[in-house]
Amino acid sequence: LSAISLCLGDCQLQTPCGIQKCTADFVSLTSHLNSAFEGFDLEFCKALRAYSACTDRNSKVCRGNLVYHYAVLGISDLMSQRNCSKDGPTSSTNPEMTHDPCSYSDHTEAREYQGGDKTPPPTYLFCGLFGDPHLRTFKDHFQTCKVEGAWPLIDNNYLSVQVTNVPVVPGSSATATNKITIIFKSYQDCTDQKVYQAVTDDLPAAFVDGTTSGGDGNTKSLQIVEKVSGKYVEMHARYIGTTVYIRQLGHYLTLAIRMPQELVMAYEENQDLQLCVNGCPSSERIDDSGHLPLPVMGQLLPQGGAAHPQSVYTLETATTKCHEKMLVKDIYFYSCVFDLLTTGDTNFTAAARSALQDVEALHPRKEHWRIFPSSGGGGVGKGGKFFVGLGFCLIFVAFL
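For clarity, every value in this text was computed on a predicted model and none was experimentally measured.

Turning our attention to the pairing of strand 10 (residues 232–237). Taken across its six residues, strand 10 has five buried, putting it largely inside the fold. Bridging between strand 9 (residues 222–228) and strand 10 involves six bridges; their strand directions are antiparallel. Note that in strand 10 the partner of Q223 across the bridge is H236. Examined bridge by bridge, strand 10 and strand 11 (residues 242–249) share six bridges and lie antiparallel to one another. Along strand 11, the bridge assignment pairs E234 with Y245.

Right, here's the structure in full:
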């Protein structure tokens, strides 16, 4: 028995067992698969059959290798769990042949394979717009702008996003978004050009042509998912690794988007006016020169004007109201306070809260989720002035 054991050990050294290569190929064939998508079981079974065929080819040289025997047992268990037949098509073990051309994550893996060297994973960026409106750029700069009318948030070779903003209350330069237009540009065989448009009280769960997806019906490289009817939709564009959230809260819309950095930066010189990339022009900043003047207290009307009872918030009541939704006094909390003082519309409280939730869902770096006021914080200063530090700028709100 000891002689047989010694022989097995020597034989393994002389003729290396290829089980590690079989396993590596299986991982390569399945790493891009997502169990949530149609066709997962079919592709997974094909990869399992390829794995099984590879172990069969190595059965003689791997007889004394425990890893080999564990792999054979594991393949059998997985085939039973997924109801895979032993006979059928197998996946190619060439990673170049198995990458999904309509999956951005597969694009990056293919480049890594072709290059030979390990490359860092793609960097994703986040942009959001909500409230009066408050803009969080791809650089995590936080601004409050007026930008009345139609403005481009994003305009690159893959995607265009335009928002239209209208005045919120008479006598204030603050605006809010009542229309969003998104153009997913045609890309290879993954999708034709698709246009999505949302306006106040019309947040459809389909593109303007009536479809809910782009590209092949099985892969769904681009699709719309309705989360709350008429109030919240998501768009998932796998071929460009991009996710978009659009919500309606009260009378206005909010937007949040995550997109790969290399695609964000794929634009021409004449496309430089992009609020998500470069922020608002200085002439459009409400916080220009560091000041955010408010209407005279006691004359603030909720959205809808005289049709609703007059609603007036003081610094104290606005702070209390926002604190009900957001316990941490970060940028989103202070944006909520400013919006309530400006409009008297409590829907802006929910907008600030959901905007923060969208950050937590889409922003790739948890340590950057929250932006806090710069030194000095927010509170009541001398002369009855309420000041809020919004990350890269200090905002003073004067009470008249």
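Aromatic rings in a pair are described by how distant their centres are and how their planes are angled relative to each other. Counting across every chain of the model gives 13 aromatic pairs. A ring pair is formed by F130 and Y332, whose centres lie 5.4 Å apart and whose planes are at 20°; its orientation type is stacked. You can see F130 sitting in strand 1 (residues 124–130) and its partner Y332 sitting in helix 10 (residues 331–343), a full 202 residues away along the chain. Each member of the aromatic cluster is reached from another via a ring pair, and the members are F26, F40, F44 and Y51. When the ring centre of F44 is taken as reference, the NZ or CZ atom of R82 above it lies at 5.7 Å.

Counting across every chain of the model gives seven disulfides. Between the sulfur atoms of C22 and its disulfide mate C54 the distance is 2.0 Å. Linking C22 and C54, the disulfide has an S-S dihedral of approximately -75° and is accordingly described as left-handed. With C22 in helix 2 (residues 19–30) and C54 in helix 3 (residues 40–57), the pair connects residues that are 32 residues apart, well separated along the chain. The side chain of C322 participates in a disulfide bridge whose partner is C336; the two sulfur atoms lie 2.0 Å from each other. The chirality of the disulfide connecting C322 with C336 is left-handed, given an S-S dihedral of about -90°. Residue C322 is found in helix 9 (residues 315–325), and its partner C336 is found in helix 10; the two are separated by 14 residues along the sequence. C336 carries the same exposure label as C322, and that label is buried.

Turning our eyes to something else, we now look at the pattern of salt bridges. Pairing between side chains becomes possible if they bear opposite charge and their charged atoms approach one another. Scanning the entire structure with this criterion turns up 10 salt bridges. In this structure, K185 engages D155 in a salt bridge whose closest nitrogen and oxygen atoms are separated by 3.8 Å. With K185 in the loop between strand 6 (175–184) and strand 7 (194–199) and D155 in strand 4 (residues 149–155), this residue pair connects regions lying 30 residues apart in the sequence. With a shortest N-O distance of 2.7 Å, D330 and R370 are connected by a salt bridge. With D330 in the loop between helix 9 and helix 10 and R370 in the loop between helix 11 (347–362) and strand 13 (379–380), the pair connects residues that are 40 residues apart, well separated along the chain.

Moving on: the nonpolar core. Membership of the largest hydrophobic core comes to 43 residues, with the highest contact counts inside it found for L153, I182, Y196 and I246. Looking at this core, the element that brings in the most residues is strand 12 (residues 252–260), giving four residues. Beyond its immediate chain neighbours, meaning those up to four positions away, I182 contacts L159, S160, V161, K194, V195, Y196, M235, V244, I246 and L255. Of all hydrophobic cores here, the second largest spans 25 residues; its members include A256, A318, A352 and V359.

Chain-level pLDDT for the protein is 80 on average; 76% of the residues reach the 70-or-more range. Within the model, the stretch residues 112–116 combines pLDDT values under 50 with seven contacts to residues more than four positions away or in other chains.

Here we take up the sheet that holds strand 12. Either a parallel or an antiparallel arrangement is found when strands of a sheet pair, and the pairing is made through backbone hydrogen bonds. As summarised here, the arrangement of the eight strands in space is 3-2-1-12-11-10-9-8, forming an open sheet in which the pairing is antiparallel. Every other strand in the sheet has two partners, leaving strand 3 (142–144) and strand 8 (213–214) as the edge strands with one partner each. Helix 11 rests against strand 1, strand 2 (134–136), strand 11 and strand 12 of the sheet, and its axis sits at about 165° to strand 11.

Turning next to the sheet that holds strand 7. Taken together, four strands build an open sheet; the order of strands is 4-5-6-7 and the sheet is antiparallel. Two strands bound the open sheet, and with one partner strand each, they are strand 4 and strand 7. Across the sheet, the mean angle from the axis of one strand to that of its neighbour is 20°, orientation sign disregarded.

Taking 1.5 Å of rise per residue, 16 residues should cover 22 Å, and helix 11 covers 22 Å from first to last C-alpha, within 8% of that figure. Burial in helix 11 covers these residues: F348, T349, A351, A352, S354, A355, L356, D358, V359 and L362.

Moving on: the side chain of Q274. Its location among the elements puts Q274 in the loop between helix 7 (261–264) and helix 8 (275–278). Within the structure, the side chain of Q274 is placed 2.7 Å from the backbone nitrogen of D155, a separation counted as a polar contact. Reaching out from Q274, the side chain makes a polar contact with the backbone oxygen of Q271 at a distance of 2.8 Å. The contact partners of Q274, leaving out residues within four places of it in the chain, are P152, L153, I154, D155, N156, Y267 and G279.

Bringing the packing of helix 9 against helix 10 into the picture now. Two elements in contact, helix 9 and helix 10, have axes separated by 9 Å at closest approach and are oriented at 130°. Regarding the angle of helix 9 to helix 10, the classification is oblique. For helix 9 against helix 10, the interelement crossing comes out right-handed. Across from L315, A318, T319, K321, C322 and H323 in helix 9, the residues of helix 10 making contact are F333, C336, V337, L340 and L341. Taken together, the residues that form the contact of helix 9 with helix 10 break down as eight nonpolar, two polar and one charged.

The rules we used
Residues numbered from 1 in each chain as written. Predicted model: local features only at pLDDT ≥ 70, side-chain atom pairs only at ≥ 80, totals over all residues. Heavy atoms only, no water. Buried < 20%, exposed > 50% of the residue type's maximum accessible area, 1.4 Å probe, protein only. Helix = DSSP H or I, 4+ residues; strand = E, 2+ residues; numbered from the N terminus. Pairing = 2+ DSSP bridges. Phe/Tyr/Trp six-rings, centres within 6.5 Å; stacked < 30°, edge-to-face > 60°. Lys NZ or Arg CZ within 6 Å of the ring centre and 35° of its normal. Disulfide = S-S within 2.5 Å. Salt bridge = Lys/Arg side-chain N within 4 Å of Asp/Glu carboxyl O. Core = buried A, V, L, I, M, F, W, Y, C linked by side-chain atoms within 4.5 Å. Contact = heavy atoms within 4.5 Å. pLDDT = per-residue confidence, 0-100. Axes fitted to C-alpha atoms, helices over the stretch in contact; angles between N-to-C directions. Expected span 1.5 Å × (residues − 1). Polar contact = N/O pair within 3.5 Å; in protein donor to acceptor, adjacent residues only side chain to side chain. Parallel < 35°, antiparallel > 145°, perpendicular 65-115°, else oblique. Left-handed = near helix turned anticlockwise from the far one by under 90°. Nonpolar A, V, L, I, M, F, W, Y, C, P; charged D, E, K, R; others polar.

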